[in-house]
Amino acid sequence: MSKPIKKIILILILITILPVVFFTSLQVTSLNNDEKIISDIYKNQLESILFSVNQYSEDLVNSWLKNIETVLSGNKTEADLKKEFKMFFNQTTAVKEIFISDSSFSDQLTVKNINKVPELYSQNEGMLKIANDNRTLLNRLYKYYNSGFQKIEPLQSSNQNIQYLMFIFEGKKFCIAGIDKGIFIRQNLSSKIQGIAKDQFMAVVYDSVTNSKIYENETADLNRIQQREKIWLIPGYKLGILLKGRTIEGLVNERLYTNLISIVGLLLLMIVVGWYGYRNIKKEIELAQIKSDFVSNVSHELRTPLALISMFAETLEMNRVKSEVKKQEYYGIISHESNRLSRIVNSILSFSQIEAGKKKYNFAEVNLNDVVSKIFETYNYHLANKGFAFRFEPSNDLPEVKGDGEAISEAVINLIDNAVKYSGENKQVFVRTKNENGFIVIEVEDRGIGISKPDQQKIFDKFYRASKGLVHNTKGTGLGLTLVKHIVDAHKGKIELQSETGKGSSFRLLFPIKNL
Ligand code: ADP
């Protein structure tokens, strides 16, 4: 690979692939960061929702505590107490039992909610046992209370449905309230949960041991819950929450995939563009190289006949040649070389006309046997002199066709010229005309050096010359076959080439009979 091409590849890699790779890695890292930031924000949001539900439940119980204090304040008769507790239980159906006692258990009161009807008791063995079991906790609650903090503590209990809550009551006493867990969640907390969840979240309260659902604002799958938190007052229950519809991870992943797909698409596009750019630049470089070769080839092509013409003309002019035979030979050389010169100049002119789109063809009825036999007559003597076996095998059945006789003649001369130039030691050239499957074929065959497979693709390109072997020493412009192709195309024909290196080549020009 040549140096400039290597450079182009490097530059293309630098300007196409590198930015894409850089951009991709930047995207992936930024996506990871985005994902983390979004998840953190989201997690915090869920946590604060869970926190606010818990906070609300404490506030609620605190408000009940205030109500109980109001009911018990002052000296009330049992009937009055019952009346007021009835009202309290009517509003607060979740509270099933209230036990109030001093720390020595000498002054006790138990109020039970039996179907919203209060029953009062002065002795409650069950509650005494619970209070005794939780002595240490009670002492701690007193300590909190004395330092100004009213804390409500849930107690462990074997009762599945009732949650006991213990708190300090009016400074000296304490209270244990038995609360129906289900009613508390469904009647007291549900509206708060619903208010927070709105249409964005699914919230579910469930038993953390049995996984049975106590409440849900919408049917939710426990396995999909994104954030969960113990309900402070009912530690056996958990409140779980999840985003409706797509999850944050889903959204982030979706973005990740779309970004990755667009990056891959972009990369492919850039590779295609890069490849296209590379091909074009490579072509331009090759063309520039070929053009500079062309200039030196043409100079050489012109110089050789000119030198011969001037040498033999001078010799003749000075009358140095006495023998008539020699003179005729020199005239012959001058005439042949000037023909060669005019052919080179003509082919360059034709080529420049083609390039400028100005090449004109004059179509008329022609017999291609006539065209080829004229060429054969002109070249036969000269080629025989050069030691060539030159044969023309015309077809007997060749209809007259419409074509530009001169242009076709130019194409055939170019092929014969090449056959001669690239024949090497095996000097045989055959020209044939044929009538084949709706085409008139002119075939020029040699037994020369042949053309390699890769070169066969390129020899019709302008200025292209195969760069191996004999071609090195044989000068040419690289325009001959370009002209041939153009002429055949103008006749809507085809060129077929069969060639093998070392064995020779056969060029076939096919002119469609109908279109001619
Ligand atoms: P030129 O002959 O002036 O180099 P052409 O366009 O006529 O240019 O041919 C292009 C190339 O094709 C030649 O340089 C040669 O390498 C190859 N070529 C053409 N004809 C033959 C042939 N008959 N045998 C071998 N090689 C050929």
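Use the structure listed above.
Each value, and the rule that gives it
- Residues numbered from 1 in each chain as written.
- Predicted model: local features only at pLDDT ≥ 70, side-chain atom pairs only at ≥ 80, totals over all residues.
- Heavy atoms only, no water.
- Helix = DSSP H or I, 4+ residues; strand = E, 2+ residues; numbered from the N terminus.
- Rg over C-alpha atoms; globule rule 2.2 N^0.38 Å.
- Buried < 20%, exposed > 50% of the residue type's maximum accessible area, 1.4 Å probe, protein only.
- Contact = heavy atoms within 4.5 Å.
- Areas by Shrake-Rupley, 256 points an atom, 1.4 Å probe, with all protein chains shown as cover.
- Lys, Arg positive; Asp, Glu negative; His and termini not counted.
- Charge placed at Lys NZ, Arg CZ, Asp CG, Glu CD.
- Pairing = 2+ DSSP bridges.
- Axes fitted to C-alpha atoms, helices over the stretch in contact; angles between N-to-C directions.
- Core = buried A, V, L, I, M, F, W, Y, C linked by side-chain atoms within 4.5 Å.
- Near = heavy atom within 4 Å.
- Nonpolar A, V, L, I, M, F, W, Y, C, P; charged D, E, K, R; others polar.
- Salt bridge = Lys/Arg side-chain N within 4 Å of Asp/Glu carboxyl O.
- Left-handed = near helix turned anticlockwise from the far one by under 90°.

1. Things to note about the overall build of the chain
Alright, step 1. A count of helices and strands for the chain gives 12 helices and 17 strands.
Alright, step 2. For the chain, whose C-alpha radius of gyration is 53 Å, the value lies well above the compact-globule estimate of 24 Å for 516 residues.
Alright, step 3. Counting only C-alpha atoms and orienting by the principal axes, one finds that the chain spans roughly 165 × 45 × 40 Å.
Alright, step 4. Among the 516 residues that make up the chain, the fraction classed as buried is 42%.
Alright, step 5. Looking at the chain alone, contacts between residues at least 24 apart form 63% of all its contacts between residues at least 6 apart.
Alright, step 6. Surface exposure of the chain reaches about 28800 Å², of which carbon and sulfur atoms provide 54%.
Alright, step 7. A gap of 3 Å separates the mean positions of the 67 positive and 57 negative side-chain charges of the chain.

2. Re the sheet that holds strand β5 (residues 162–169)
Alright, step 1. With antiparallel pairing, the 6 strands of this open sheet are ordered in space as β3-β2-β1-β6-β5-β4. Strand pairing shows two members of the sheet lacking a second neighbour, β3 (117–121) and β4 (153–155), which therefore form its edges. Recorded for the sheet is a direction-independent mean angle of 20° between the axes of neighbouring strands.
Alright, step 2. Sheet analysis places strand β2 (residues 108–114) next to β3, joined by 5 bridges and oriented antiparallel. Bridging from a neighbouring strand, Ile114 pairs with Val117 of β3.
Alright, step 3. Sitting on the sheet, helix α2 (residues 78–91) touches β1 (95–101), β2 and β3, and the angle it makes with β3 is about 135°.
Alright, step 4. Across the face of the sheet, helix α3 (residues 125–133) comes into contact with β1, β2, β4, β5 and β6 (173–180) while running at roughly 110° to β6.

3. A few points about the nonpolar core
Alright, step 1. One finds Leu368 and Ile416 to be the most contacted residues of the largest nonpolar core, which totals 49 residues.
Alright, step 2. Among the elements that line this core, the one with the most residues is helix α9 (residues 405–421), at 9 residues.
Alright, step 3. Excluding anything up to four places from it in sequence, Ile416 contacts Ile375, Leu383, Phe390, Val431 and Val444.

4. Considerations on the site of the ligand
Alright, step 1. For the ligand, the set of nearby residues contains 21 residues, the closest of which are Asn418, Tyr422, Arg465, Thr477 and Leu481.
Alright, step 2. For the ligand, whose accessible area on its own is 530 Å², the fraction buried by protein is 98%.
Alright, step 3. Broken down by secondary-structure element, the contributors of at least two residues to the shell around the ligand are α9, α12 (480–490) and β17 (504–512).
Alright, step 4. With 3 residues, α9 is the single largest residue contributor to the shell around the ligand.
Alright, step 5. In terms of residue class, the shell around the ligand is made up of 11 nonpolar, 7 polar and 3 charged.

5. Side note on the pattern of salt bridges
Alright, step 1. Taken as a whole, this structure holds 23 salt bridges when the rule is applied.
Alright, step 2. Arg447 is the partner of Glu445 in a salt bridge, and the nearest nitrogen-oxygen pair spans 3.0 Å.
Alright, step 3. Residue Arg447 is classed as partly exposed on the basis of its relative accessible area of 28%.
Alright, step 4. Residues joined in a network through salt bridges with shared partners are Arg391, Glu393, Arg432, Lys434, Glu436, Glu443, Glu445, Arg447, Glu496 and Arg508.

6. Considerations on the side chain of Asn54
Alright, step 1. When you line up the elements, Asn54 lands in helix α1 (residues 3–72).
Alright, step 2. The exposure class assigned to Asn54 is buried, which follows from its relative accessible area of 3%.
Alright, step 3. Apart from the residues within four sequence positions on either side, Asn54 is in contact with Glu229, Lys230, Ile231 and Trp232.

7. Focus on unusual backbone geometry
Alright, step 1. We note that Asn319 has phi near 60°; this positive angle belongs to a residue other than glycine.
Alright, step 2. Its location among the elements puts Asn319 in the loop between α6 (248–317) and α7 (324–355).
Alright, step 3. In this structure, Phe463 is a non-glycine residue whose phi angle is positive, near 70°.
Alright, step 4. Here Phe463 falls in the buried class, since its relative accessible area comes to 8%.

8. Notes on the environment of Asn437
Alright, step 1. Tracing the sequence through the fold places Asn437 in the loop between β14 (428–436) and β15 (439–446).
Alright, step 2. Residue classification places Asn437 among the exposed residues on the basis of a relative accessible area of 75%.
Alright, step 3. Considered as a pair, Asn437 and Gly450 are 13 residues apart in the sequence and their alpha carbons are 27 Å apart.

9. Regarding the packing of α9 against α12
Alright, step 1. Where α9 meets α12, the closest approach of the two axes is 9 Å, and the angle between their N-to-C directions is 145°. Crossing handedness for the pair α9 and α12: left-handed. Across the interface between the two elements, Ala407, Ile408, Glu410, Ala411, Asn414, Leu415 and Asn418 from α9 touch Gly480, Leu481, Leu483, Val484 and Ile487 from α12.
Alright, step 2. For the contact of α9 with α12, a count of residues per class yields 8 nonpolar, 3 polar and 1 charged.

10. Considering the pairing of strand β16 (residues 494–500)
Alright, step 1. As paired elements, β16 and β17 share 7 bridges and run antiparallel to each other. When the bridges of β17 are listed, Leu497 appears paired with Phe507.

11. Let's talk about the environment of Val61
Alright, step 1. Mapped onto the elements, Val61 comes out in helix α1.
Alright, step 2. Distance in space between the C-alpha atoms of Val61 and Leu165 is 9.3 Å, their sequence separation being 104 residues.
Alright, step 3. Residues contacting Val61, with those up to four places away along its chain left out, are Ile152, Leu165, Phe167, Phe184 and Leu233.

12. Focus: the pairing of strand β7 (residues 201–207)
Alright, step 1. Within β7, 7 of the 7 residues are buried, which leaves it mostly tucked inside the rest of the structure.
Alright, step 2. What you see with β7 is no split at all: Phe201, Ala203, Val205 and Asp207 on one side and Met202, Val204 and Tyr206 on the other are buried throughout.
Alright, step 3. Of the strand pairs in this sheet, β7 and strand β10 (residues 234–243) are connected by 7 bridges, and their pairing is antiparallel. Looking at the pairing, Ala203 lines up with Ile241 of β10.
Alright, step 4. When β7 meets strand β8 (residues 213–216), the two strands line up antiparallel, connected through 3 bridges. Looking across to β8, one finds that Val204 is bridged to Glu216.
Alright, step 5. Where β7 folds back onto β8 in an antiparallel hairpin, the turn is made up of 5 residues, including Asn211, whose phi is positive at roughly 65°.

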